[in-house]
Structures are given as structure tokens and as C-alpha cells.
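# Structure assessment
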Amino acid sequence: MDIIFFEQPLIRIAALILIILDLVPRFIGAHIWLTVVNCALHAVLLSYMFLAGGTFEEALLLVLVSSALALVQCPEPRKDGSKK
Amino acid sequence: MNFNSPEFLIFFLIAAILNFVVPTKYRWIPLLAASYYFYMSWSAKLVFLILFTTAVSYASGILIEKRPERKKLWLALSLTASLSVLIFFKYYNFFAGSVGALIGADLTLKLMLPVGISFYTFQTLSYSIDVYRGNIPAERHFGYYALFVSFFPQLVAGPIERPENLIPQLKAKHRFNSDDLSAGAKRMLAGYFKKIVVADITAGYVDAVFNSPESASGSSVPLASMLFAVQIYCDFSGYTDIAIGCARIMGYRLMQNFDRPYSALNIKDFWARWHISLTSWFRYYLYIPLGGNRRGRTRMILNLFIVFLVSGLWHGADWTFVIWGALHGIYRVVGMLTYKKREEIWKKLGVDTSSALMRVFRRTVTFLLVCFAWIFFRANSTHDLMILLGKLFGSFNPAAFVGELGLTLTGVLILALAYIIMTQLDRRYTLPEAELPSGGAVMQSGTALYLLYAVIFAWLLLKASGGSGAFIYFQF
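Below: a short report on this structure. Computed from a prediction, not measured in an experiment: that's the story for all the values here.

## Concerning the side chain of Thr121(B)
Structurally, the position occupied by Thr121(B) is in helix H5 (residues 117-133). The contacts of Thr121(B), once residues within four sequence positions are left out, are Ser82(B) and Leu86(B).

The following block contains the structure:
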């Protein structure tokens, strides 16, 4: 087994904040400012990760976590075409 | 020019702009030029084959209408011409190699397999048969007909469109529509995610086993076949999503090709959900003309078996594909013959076959049967197939299940997350009801951006590791 991804404490903390931010819309609803802040923080963290020697795999893992969290919060269409 | 290359995105942008700015009457000209340019980027030398098939089926369609007293002859001419090209270029070396192996001579030729030949040939066949049956009028405008055969989003790997669906759309007026743009872009993004993030990353683990079966152990074969099930689904349905998305942005609706096939409850259900355009093609143009289920049980079984054998051969010129088709035929026939008996047994045992638990059980059994058949499909040769099957039944060791594929913790996490996201994308953005502007789920900009990030990072990761990224179904 490989891994300890996100070895640097700063990256771990930032990743944790991003995951929490991904979960916030579930409780307070989707707001455009939240999306903007979240996306901006992702961009900053990903840039920092690469500068600090991070790999594409680590970056991919982080955005997959965010994608999964963001996606499950989207309403699912019903068979009749309306939304839940 | 692969769908997953930057060149395609530039090409598509230009084609989409031309689609909207050129007046409807002349729109077929840039679209046909774009389609032929797209095809020639694959195999410029073999463009005359698609032109030949198009010209013969076009002419025979008109002759069927103009000279109905000899329509059988014109139909036979069209079918013979189209099938001759397909059989020669795709199957000559297969048959010649098989005969040569028996008599100890090399009868094979150096032939290049034209990209997408099985797809566009089937499209021309359906046109000729439909005109012969009087289901559709013959198309008089050669430009529109040539565009129907070569329409670039679905040219090299389907969906295999029906003339009555596509030709009227090619003639209709299309205005730029933001709903179409949004739905098409979502569909394309879902397709790129499936192809680049799921299929291409999974391919590395699958190839490790199937490309060197001698060094694989029995424990890795079942896992590799399950991963291949995910890979081929995401590869092919990803391509289809991109094709449908591209066409949708330009205002055209292509038919659905998949409907979550791995949630099928039995093999019949699986084929109603997998490669729907091909399955329905075989039903209308082969199974029913053979007599379907109208000529007794024995004949129906024979017809089913013939369809599955031909389906196997359609996929590739190798015995592995023929056996794969035959295996699905056996599944289907055995399933049909034992259906009543199985229902009786469940009833005697007091099991409710419609319960949630039984549905999970039936889905699992169907998935495992399909995965077993994928071993035949993916094996590089019959020799490799024998090795893989020998190891599968000979030396199974569950303890070594994951390690032998070279799966790391990061790899497992990436695959698991990618698979969860893929299933969610399928539930939200690639189902028929999601085609409706009001029926699609809202994809928030943040979600789209994360998916885009994932596609880009996976693409960079694959580029760095030298992955090919070619679509599996392009070879058919």
C-alpha cells in the first residue's frame, strides 16, 4: 500500500475546510457566494499542492471528494420529469 | 481525432458555429464537409469505402421507389454491396486465417480495418430495408443522405441511428437554444468524466491482467473482469454521452444507447439496456425477419441463438467474440427455458421474487454472469482465453485479490469515488427523462467545475503515464 496522501499539515487542514464547505449547502442551501468562495479556495489549494510537490493523483482525489459531495446534494429528477 | 483530444473540441466548436450561422438550406454542406474531415482524420485512404456504400444504398433506395416491380433486386444489390465491403475488410482475415490454420497455409492479406465500418454499414442497411418495406420514402437529396450516413457525432461508434429519426432532423431549422446548450454540455461533461476519469484509469489495472495472462494469478482474473465491466461500460457509454451531447448542442436528438445496464435483473433485461441501438437493430432487421417467436419454440430458440452469434461476430473478427456472443445466447435460452421452473421453486420456498432482497440477488447474479462473459470479450486471443479460464478455475486465492493488480490505497479510493460519481451522473444527466429541458437535474456551477477539474487532472495523469485513451468500440 502506498499513501499518506496530503502529508503536509497545512494541506490536510485546507482539504478538511474544503470538504466542510462542500457540505455546508446541505444545511443552509446553495448560495452563489458559497460556490464562489469554495471554488476559489479549491483553486488556491490545488495550486499550493502542486507548488508543494503534490501529485495529480492527490489533486484528482481531492476534486473527486468535492464532486461526489456536490453531486449528491443536487436534486435528482423523477421519472415524470419533475424534480424532487 | 479522438473525442477526448483538444483537436476535437476545436473542431466541434467550428462545426457547431457553422451549424447555426449557415442558412438551413445549405447547412448540410459544412456539416457533410466536417463529417468527412472527421472521418478522414482517422483513415483518409478508406474514405472511398464510406462514399461507395453511401452511393450504392442511395441509388438503390431511389430505384426501389421508381421501379417497384424489381425492388427485391435493388434491395439485394444494396445489401450485397454494403455487406461485401464489411465482410471483406473486417472478416476476410478472420476466415482466411481460420482456414489457413487448418490447411497449413497463410491466406491472410494486409488489410486496414476502416474505422466505424460496422456502424455506418448497419445504418445504410436499415435505410435500404426501410425503403423496401415502405416504412420511409427514399431520400432524393444525396447531400442529406450522405450526411445521415456520416454525421460526425455518431459516425465511428454509434448510436446506430434510424433514418426516420435523423434525416428529418438534418433538414429541420435549428436555432441556438440555451436549454440545448446546457443539456448537451452536461451530457458531454458526464461522458468525458466516464471515459477519462473512470474508463481510462481502470484500463491500467485491467490491461495488467489481460495483456499478460501468464503472469496473472487466478485471484486477479475475476477482479479484472469486474473492473473491465466498469471500464467498457464507461468507455462506450461515455463516448455515447459525448456524441449525444455534441448533437444536442447543435439541436439534434440522437437515440439513447444505454440505460444503466448493470442494474438489469436478468440477461434479457441486460440486453434491453446495453447498446440499445444495436439490440433494437438486430430485433427489427434480423430476429423478426427470421420468424421471431412466431414459428414455435424451437425456431425461436434457434433465432435467438443466431442473433447472439451474429452480434458476437459484429463486435469483432475473432473466435473470442463469437464465443462471447454464443455464451450470451446460452444465458438467454437457458434463462427462458428454466424461467417457469425457477418461479415454481421460489414459490415453494415461499420467497417473494419481487422483494428488494431478491432484486439485489438477481442483479448480482446477472452482473456476475455478464462479468464472466466479459473475460471472453476482453481476452486478446483464444490462447490467452484458455490461460485466463484455466487460472480462474484452477488457482483462486481471495487473499491476493487486490495486490496483484497493483492497486494502491489512493487507486482504490479514486476508483471508488469515480464509480460513485459515475452512477450519480447516470441517475441525473444521462437518462432519457433528463433529456427534457425541465426534467434534467440542476447541475450547479461548482459541481460542473469540480467534474471539469477531475477530467483535467485525470487526463494529465494519464498523459504523464503514457495511457492511449482510445475508445474500445472504435475498433468495431
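After presenting the structure, the write-up continues.
## So, the nonpolar core
Counting residues in each nonpolar core, the largest one holds 154 residues, and the members touching the most others are Leu60(A), Leu64(A), Phe8(B), Phe151(B), Phe193(B), Trp274(B) and Trp374(B). A total of 18 residues in this core trace back to one element, the largest contributor, which is helix H9 (residues 220-249) of chain B. Two domains each donate at least three residues to this core, and these are domain 1 (6-175) and domain 2 (179-475) of chain B. Among residues more than four places away in sequence, those in contact with Phe193(B) are Leu64(A), Val198(B), Ala418(B), Ile421(B), Met422(B), Leu425(B), Leu451(B), Ala454(B) and Val455(B).

## Let's talk about the pattern of salt bridges
All names here are of chain B. A full pass over the atoms with the stated rule returns 11 salt bridges over all chains. Among the salt bridges present, the one from Arg378 reaches Asp207, with a minimum N-O distance of 2.8 Å. With a gap of 171 residues between them, Arg378 in helix H14 (residues 356-378) and Asp207 in helix H8 (residues 178-210) connect regions that are remote in the sequence. Owing to a relative accessible area of 13%, Arg378 belongs among the buried residues under this scheme. Of the charged contacts, one joins Asp269 and Arg273 as a salt bridge, the two residues approaching to 3.1 Å between their closest N and O atoms. Within this pair, Asp269 and its partner Arg273 are both found in helix H10 (residues 267-273), separated by 4 residues, close to a single helical turn. Through salt bridges that share partners, Arg187, Lys194, Asp241 and Asp426 make up one connected network.

## A few points about the packing of aromatic side chains
Residues and elements named next belong to chain B. Throughout the structure, instances matching the rule amount to 53 aromatic pairs over all chains. Note on Tyr262 and Phe270: the rings are 6.3 Å apart at their centroids and 25° apart in plane angle, and the pair reads as stacked. Taking relative accessible area as the criterion, Tyr262 reaches 17% and is therefore assigned buried. Its relative accessible area of 1% is what places Phe270 among the buried residues. If you follow Lys71 out to its NZ or CZ, it ends over the ring of Tyr132, 4.8 Å from the centre.

Basis of the calculations
- Residues numbered from 1 in each chain as written.
- Chains lettered and ligands numbered in written order.
- Predicted model: local features only at pLDDT ≥ 70, side-chain atom pairs only at ≥ 80, totals over all residues.
- Heavy atoms only, no water.
- Helix = DSSP H or I, 4+ residues; strand = E, 2+ residues; numbered from the N terminus.
- Contact = heavy atoms within 4.5 Å.
- Core = buried A, V, L, I, M, F, W, Y, C linked by side-chain atoms within 4.5 Å.
- Buried < 20%, exposed > 50% of the residue type's maximum accessible area, 1.4 Å probe, protein only.
- Domains from an automatic or database assignment.
- Salt bridge = Lys/Arg side-chain N within 4 Å of Asp/Glu carboxyl O.
- Phe/Tyr/Trp six-rings, centres within 6.5 Å; stacked < 30°, edge-to-face > 60°.
- Lys NZ or Arg CZ within 6 Å of the ring centre and 35° of its normal.

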